[in-house]
Amino acid sequence: MSHVKPAVVHFHASGPLVALVGNPNCGKTALFNLLTDSKQKVANYAGVTVERKEGRLKTSAGKVLRVLDLPGTYSLHPRSPDERVTHDVLYGNAVGEKRPDYVVCVVDATNLRRGLRLVIAVQRLGIPCMVALNMTDMAEQRGLHIDEQALARELGIPVVRTVGIKQGGDTALKAMLDDIQALNSHAHLDDSDPAIQSHTDLDHERVRQILTKLNLDEIVPHNASDKIDRVVLHPVLGPILLAVILFLVFQAVFAWATVPMDLIKAGTEWLGASVSALLPEGWVQSLLVNGIIAGAGGVIVFLPQILILFFFILVLEESGYLPRAAFLLDRLMGGVGLSGRSFIPLLSSFACAIPGIMAARTIANPRDRMVTIMIAPLMTCSARLPVYALLIGAFIPQRDVWHIFELQGLVLFALYGAGIIGALAVAWVLKRFTAQSQIRTLMMELPSYHLPTVRNVLLGLKQRVVIFMSRVGGIILMLTIALWFLASYPGAPVGATGMPIEYSFAGYIGKALAVVFEPIGFNWQISIALVPGMAAREVAVSSLGTVYALAAAGSNTAEALAPLIAQQWSIATALSLLAWYVFAPQCISTLATVKRETGGWKMPLIMMSYLFALAYLASFITYRVALFCGLG
Ligand SMILES: Nc1nc2c(ncn2[C@@H]2O[C@H](COP(=O)(O)OP(=O)(O)OP(=O)(O)O)[C@@H](O)[C@H]2O)c(=O)[nH]1
């Protein structure tokens, strides 16, 4: 989707500032959510948190602490923009932010070696700190018994056990934060100690000594994950499995959504009819029935499909499969000059280009980061799903292919595929125009698999519903009402022939634009819908709903839209419109994000122009080829 409501709450209240610091994927955000009762995104791969998030913890002693969740980092020498965020906060360089008063170093108990290196580096900063030994449940399952008291003695700072995914899993941490004085009194390392100069080798040595002393120097493999990886990362089976998984997801989007979609349709229809019957004919009735109900109802109907898609994405995210997919795709992406690192930002763009573009902060190489940002909008964001679903529903028959595939699902899969291929092609071209190609090896952490928690999946789905509905109630509603106005006024003069909408502001605009879009097969009604579709893509659907509802003067709402366009448009036009939306120029909020992330208007302007040109070209070719094949 093209707009994400910022879930970050900024508190200006003063109060001790506690920062959560740790390696990527060690469970910082899970703990942050528990401590502050927040609902930030957690997922089983590195690089989910790319900016600082703040929350508030009220301790049982009544003290209020400000808690910061920071992007994961391996060291205090930042290599990517997200690691720099953590670095700047810890060194007191963050603009408008004081240095934290306390640091909680979150350490993955199943990966002590790496976590402790960062702890030692943090100790050297001179900020009072402690260790939250997280994922202790997983460590226990693998037979790893850590004596936290002994560890605390070795490090000279408090150590508590936590489980980020269990209610109450933060009890010991909360108790420790309650007694904040205790943290103050603990010694921290300081640079004057010759034994612990800031030297990586010395840190490694110290961690090795601690682990040996605690009898923890054996690396315990995670057998189950290793076994699964033998299939999932297999050079032949792995890619086949990935293709099958993605394919099944798109099949499910169509196959499972029919019943809830029918229910929503029936509900909207009933509402439209009831309001029509209740209100006298006039502008109020027209605004409600043809404007709001036709417009908003026409978009809400696609919510089940969006939720089904996200259900799968959330399950894949939580299970730990996604970084494996990145690993499998590394070679393919290497062919166009990208590394597997771009995979997660690009995958996030399937929800919405905005989090995807922000996730590109995890990419250390500036050129790779820029290319990833430029192609992120080509991933099919969920705002396009309503447009695709409407056109597929109207023009592609429901038919089994070889008794296995559903034709509509197949077409949807192809459209997502077209976006990906388009993105790879653009990346390849950008690579030609930018600096030398160099071979980069992908260093990516593969987390252990675990079963997705029902709570996290439900939470993720709830967030999608909230984002979607606030768009429907916000920007979509606003644009729909504006369009209704433009499409209803000034109205046809007495004795005029043709549809009243032709004599409206929207009609005039549509006809003027149609000159530009006629070569790619768009009529004036589609041309009208494209304009508000720039602000938010789903609005193209509600706009068509409004335009056609008004055009058909009185005929009811968007449910009628699919058969109506099926009757009025040629297949060539529908295919051309689908091609348009594969590349369609960006929604405004995406461009604003690109400006923020790249620090100027140059990149967003280049992005908008190239997407527009690409969309026009793709539609032109599609339309002409379709006409040639007799689909006119
Ligand atoms: N079994 C188990 N899983 C946990 C625990 N804490 C977190 N997780 C899971 O570990 C994964 C990573 O958690 P996050 O909270 O996203 O990790 P993070 O450190 O914030 O990650 P980044 O944002 O990438 O730095 C998620 O799938 C969590 O559900 C824990 O104590 N036990």
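Residues numbered from 1 in each chain as written. Predicted model: local features only at pLDDT ≥ 70, side-chain atom pairs only at ≥ 80, totals over all residues. Heavy atoms only, no water.

1. Points about the site of the ligand
The full set close to the ligand counts 27 residues, and Lys 28, Thr 29, Gly 47, Thr 49 and Gly 164 are the nearest of them. Ala 30 places a main-chain nitrogen or oxygen 2.8 Å from an oxygen atom of the ligand. When the ligand sits alone it has 660 Å² of accessible area, and the protein chains cover 99% of it. Elements with a contribution of two residues or more to the shell around the ligand: helix H1 (28-36) and helix H4 (136-141). The element contributing the most residues to the shell around the ligand is H1, with three residues. When grouped by side-chain class, the residues that make up the shell around the ligand number twelve nonpolar, twelve polar and three charged. (Near = heavy atom within 4 Å. Polar contact = N/O pair within 3.5 Å; in protein donor to acceptor, adjacent residues only side chain to side chain. Areas by Shrake-Rupley, 256 points an atom, 1.4 Å probe, with all protein chains shown as cover. Helix = DSSP H or I, 4+ residues; strand = E, 2+ residues; numbered from the N terminus. Nonpolar A, V, L, I, M, F, W, Y, C, P; charged D, E, K, R; others polar.)

2. A few points about the nonpolar core
Of all hydrophobic cores here, the largest spans 111 residues; its most connected members are Phe 343, Tyr 388, Ile 565, Trp 569, Trp 580 and Tyr 581. Among all residues touching Tyr 388, those that are not within four sequence positions of it are Thr 380, Leu 412, Leu 415, Tyr 416, Leu 578, Tyr 581 and Val 582. Counting 39 residues, the second-largest nonpolar core is a separate cluster that includes Ala 94, Leu 118, Val 119 and Ile 146. (Core = buried A, V, L, I, M, F, W, Y, C linked by side-chain atoms within 4.5 Å. Buried < 20%, exposed > 50% of the residue type's maximum accessible area, 1.4 Å probe, protein only. Contact = heavy atoms within 4.5 Å.)

3. Concerning unusual backbone geometry
Although it is not a glycine, Asp 37 sits at a positive phi angle of roughly 60°. Its place among the elements puts Asp 37 in the loop between H1 and strand E2 (53-58). Taking the relative accessible area as the measure of exposure, Asp 37 reaches 64% and is therefore exposed. One non-glycine residue, Met 135, adopts positive backbone phi at about 60°. Relative to the assigned elements, Met 135 resides in the loop between strand E5 (129-134) and H4. We classify Met 135 as buried; its relative accessible area is 17%.

4. Let's talk about the packing of helix H19 (residues 407-433) against helix H25 (residues 571-583)
Contact geometry for H19 and H25: axes closest at 9 Å, N-to-C directions at 45°. If you check the angle between H19 and H25, you find them oblique. As for the relative orientation of H19 and H25, their crossing is right-handed in sense. Between H19 and H25, the residues in contact are Leu 415, Ala 418, Gly 419 and Gly 422 and Leu 578, Val 582 and Phe 583, respectively. Looking at the contact of H19 with H25, its residues break down into five nonpolar, two polar and no charged. (Axes fitted to C-alpha atoms, helices over the stretch in contact; angles between N-to-C directions. Parallel < 35°, antiparallel > 145°, perpendicular 65-115°, else oblique. Left-handed = near helix turned anticlockwise from the far one by under 90°.)

5. Concerning helix H26 (residues 588-598)
Of all the residues in H26, the buried ones are Thr 590, Leu 591, Thr 593, Val 594 and Glu 597. All buried residues of H26 lie within an arc of 160° about the axis, which places them on one face of the element. Facing away from the buried side of H26, by more than 90 degrees, are the exposed residues Ile 588 and Arg 596. Residues of H26 that are buried make contact with helix H16 (353-359), helix H17 (366-375) and helix H27 (602-628). (Arc of directions from axis to C-beta.)

6. Things to note about the pairing of E5
Summarising burial for E5: six of the six residues are buried, a large majority. Here E5 shows two buried faces, one formed by Cys 129, Val 131 and Leu 133 and the other by Met 130, Ala 132 and Asn 134. In terms of strand pairing, strand E4 (residues 102-108) meets E5 through six bridges, oriented parallel. When the sheet's bridge partners are listed, Val 107 is paired in E5 with Leu 133. In this region the chain leaves E4, passes through helix H3 (residues 112-123) and returns to the parallel neighbour E5; the handedness of that crossover is right-handed. (Pairing = 2+ DSSP bridges. Right-handed = clockwise from strand over helix to strand, strands pointing away.)

7. Some remarks on the pattern of salt bridges
One pass over the full model with this rule turns up 15 salt bridges. With a shortest N-O distance of 3.2 Å, Arg 161 and Glu 148 are connected by a salt bridge. With Arg 161 in strand E6 (residues 159-161) and Glu 148 in helix H5 (residues 148-155), this pair connects stretches of sequence that are 13 residues apart. The partner of Arg 369 in a salt bridge is Glu 597, with the nearest N and O atoms 3.5 Å apart. In this pair, Arg 369 sits in helix H17 while Glu 597 sits in helix H26, placing the two residues 228 residues apart along the sequence. (Salt bridge = Lys/Arg side-chain N within 4 Å of Asp/Glu carboxyl O.)

8. What to know about the pairing of strand E3 (residues 64-69)
Counting buried positions along E3 yields five of six residues, so the element is predominantly enclosed. Two strands pair when backbone bridges link them, and strand E1 (residues 17-22) and E3 are joined in this way by four bridges, in the parallel orientation. Bridge pairing in E3 places Ala 19 opposite Leu 68. Of the pairings in the sheet, the one linking E2 to E3 comprises six bridges and is antiparallel in character. Looking at the pairing, Lys 53 lines up with Asp 69 of E3. As consecutive antiparallel partners, E2 and E3 are separated by five residues, and within that stretch Gly 62 has a phi angle of approximately 85°, a positive value.

9. Re H17
Extensive coverage of H17 is indicated by the burial of eight of its ten residues. Those residues of H17 that sit buried are Arg 367, Asp 368, Arg 369, Val 371, Thr 372, Ile 373, Met 374 and Ile 375. If you follow the buried residues of H17, they end up packed against helix H2 (81-90), helix H15 (343-348), H16, H19, H26 and H27. Near the N-terminus of H17, the side chain that reaches the backbone nitrogen of Arg 367, with its oxygen 2.9 Å away, is that of Asn 365.

10. Here's the deal with the confidence of the model for the chain
Low-pLDDT portions of the prediction should not be read for the details of their coordinates. Taken as a whole, the chain shows an average pLDDT of 81; of its residues, 87% reach a score of 70 or greater. Averaged over each element, pLDDT in the chain is lowest for helix H7 (residues 180-185) (58) and highest for E4 (95). Across residues 1-12 the pLDDT falls below 50, and counting only partners more than four positions away or on other chains, this stretch makes 40 contacts in the model. Overall, residues 191-198 carries pLDDT values under 50, and its contacts beyond four positions in sequence, including any with other chains, amount to eleven contacts. (pLDDT = per-residue confidence, 0-100.)

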